[in-house]
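Topology and contacts: notes
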Amino acid sequence: MDLDKKDKPEKKAKKKRQNEEIVAIKKKKSTVAYEEELQFLQVELLKMQNHVKEAGLKVVILFEGRDASGKGGTIKRITEHINPRGARVVALEKPSDVEKTQWYFQRYVEHLPSAGEIVLFDRSWYNRAGVEPVMGFCSASEHATFLKEVPKFEAMLASSNIILIKFYFSVSKKEQAKRFKKREVDPLKQYKLSPVDKLSQQLWDKYTVAKYSMLLSSHTKVAPWTIVRSDNKKLARLSAIKEILRRVEYRDRVDLSLFDTDPDIVIDGEDEVVIMEHKFE
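Bear in mind that the values here come from a model prediction, so they are computed numbers and not experimental data.

Details of the overall build of the chain
When helices and strands are counted, the chain shows eleven helices and six strands. Based on the C-alpha atoms only, the size of the chain along its principal axes is roughly 90 × 45 × 45 Å. Counting every position in the chain, which comprises 281 residues, the buried fraction comes to 43%. For the chain, restricting intrachain contacts to residue pairs at least 6 apart in sequence, the fraction spanning at least 24 positions comes to 77%.

Quick notes on the pattern of salt bridges
On inspection of all chains with the given rule, the structure shows 16 salt bridges. One salt bridge in this structure joins Arg123 and Glu64, with 3.7 Å as the shortest N-O distance. On the criterion of sequence distance, the pair formed by Arg123 in the loop between β3 (117–122) and α5 (131–135) and Glu64 in strand β1 (residues 58–65) is long-range, its members being 59 residues apart. Pair check on accessibility: Arg123 and Glu64 agree, each one buried. Close ionic contact of Arg246 with Asp260 constitutes a salt bridge, the shortest N to O distance being 3.6 Å. Taken together, the residues Arg246 in helix α10 (residues 233–247) and Asp260 in the loop between α10 and β6 (266–268) connect sequence positions 14 residues apart. Given the relative accessible area of 46%, Asp260 is considered partly exposed. The network of salt bridges with shared partners includes Glu54, Arg251 and Asp252.

Describing a positive patch on the surface
The grouping of Lys174, Lys178, Lys182, Lys189 and Lys233 at the surface amounts to a positive patch. For the positive patch, the element with the highest residue contribution is helix α7 (residues 173–185), accounting for three residues. Within the secondary structure, Lys182 is located in helix α7. On the basis of relative accessibility, which here comes to 51%, the residue Lys182 falls in the exposed class.

Thoughts on the layout of surface pockets
For the largest pocket, the calculated volume is near 1600 Å³. The set of elements that each furnish at least two residues to the lining of the largest pocket consists of α3 (71–79), α4 (106–109), α5, α7, α8 (195–199) and α10. Tallied by class, the residues present in the lining of the largest pocket amount to eleven nonpolar, nine polar and 25 charged. When its volume is computed, the second largest pocket comes out at roughly 300 Å³. Forming the walls of the second largest pocket are 15 residues, and the residues nearest its centre are Ser170, Trp204, Lys211, Glu272 and Lys279. At the level of secondary structure, the elements contributing two or more residues to the lining of the second largest pocket comprise α9 (204–218) and α11 (269–280). The element contributing the most residues to the lining of the second largest pocket is α11, with five residues. For the lining of the second largest pocket, the class distribution of residues is five nonpolar, four polar and six charged.

A short note on the nonpolar core
Among the nonpolar cores identified, the biggest contains 30 residues, and Met48, Ile61 and Phe167 are the most heavily contacted of them. Aside from chain neighbours lying at most four places away, what touches Ile61 is Ile118, Val119, Leu120, Phe121, Ile165, Phe167 and Ile244. Counting residues in hydrophobic clusters, the runner-up holds 29 residues, among them Leu164, Tyr168, Ala223 and Met276.

Side note on the packing of helix α6 (residues 140–159) against α9
Interhelical geometry of α6 versus α9 gives an angle of 45° and a closest axis separation of 9 Å. By the criterion of interaxial angle, the relationship of α6 to α9 is oblique. Relative to α9, α6 is oriented so that their crossing is right-handed. Where α6 approaches α9, its residues Leu147, Val150, Pro151 and Glu154 are matched on the opposing element by Ser213, Met214, Ser217 and Ser218. Residue composition of the contact of α6 with α9, grouped by class: four nonpolar, three polar and one charged.

Procedures and definitions
Residues numbered from 1 in each chain as written. Predicted model: local features only at pLDDT ≥ 70, side-chain atom pairs only at ≥ 80, totals over all residues. Heavy atoms only, no water. Helix = DSSP H or I, 4+ residues; strand = E, 2+ residues; numbered from the N terminus. Buried < 20%, exposed > 50% of the residue type's maximum accessible area, 1.4 Å probe, protein only. Contact = heavy atoms within 4.5 Å. Salt bridge = Lys/Arg side-chain N within 4 Å of Asp/Glu carboxyl O. Patch = residues over 30% accessible without salt bridge, like charges linked within 9 Å, V, L, I, M, F, W, Y side chains within 5 Å. Areas by Shrake-Rupley, 256 points an atom, 1.4 Å probe, with all protein chains shown as cover. Lys, Arg positive; Asp, Glu negative; His and termini not counted. Charge placed at Lys NZ, Arg CZ, Asp CG, Glu CD. 1 Å grid on protein atoms, 1.4 Å probe; cavity = no way out; pocket = protein on both sides within 12 Å on 5 of 7 lines; lining within 4 Å. Points joined across faces, edges and corners; volume = space filled by probe spheres on them. Nonpolar A, V, L, I, M, F, W, Y, C, P; charged D, E, K, R; others polar. Core = buried A, V, L, I, M, F, W, Y, C linked by side-chain atoms within 4.5 Å. Axes fitted to C-alpha atoms, helices over the stretch in contact; angles between N-to-C directions. Parallel < 35°, antiparallel > 145°, perpendicular 65-115°, else oblique. Left-handed = near helix turned anticlockwise from the far one by under 90°.

Below, the structure written as structure tokens:
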């Protein structure tokens, strides 16, 4: 046997190891703390999902908010490690010509969960309470009809044992402008910019009025709104996940005190209405 040939692969592997460079990566303490807490919460999400499947629960989580408010990033962290077989993200395109002739809620109903499923709506039927009336995509009459009907629709969901969690991510005008500028120069984020996004700053006040009307009409006992201040994306993500884990009971859940949130970041929809009314004065 040729010993030189036998040793050759071992020598190559050794040389490769010697040539590998080790790069030290520095992280802020706050980033490390965020990543550790996120991992802890993601483990809890897995436990929650297992219980949802075993118990045959039906969970719907809505994410609403202005453009660039952080909805997509939060959804990404929620779904990052859970089983895709039991969870779906629904982000519908604008309605087709046929869908425009249907009952407004019809195209959303077909995406509701079956037993054991979690469905996350990246924008939802509340398009008719925000983008559509502000941009003129629906009439004033259609908008008013929606605000009148949506509490009844959501009461029907609740009576069908659907757990409905509604988030509104609230970003400041200054922070939104900052995020839009980043999207303009980042080739990986440019796809997120649309003509509607570019008008968001100009139409800020109209969106504010639309938000107020939406909360006033659709914050109910069976389907309350949870407002998440999202200028700090990381805190917003953690807070939303904690709120989900508080709202869905599951087996082996840790002490609820571990899901406490900052009252300046997570606000009840009714309280947000009062805050907005004071600003209008």
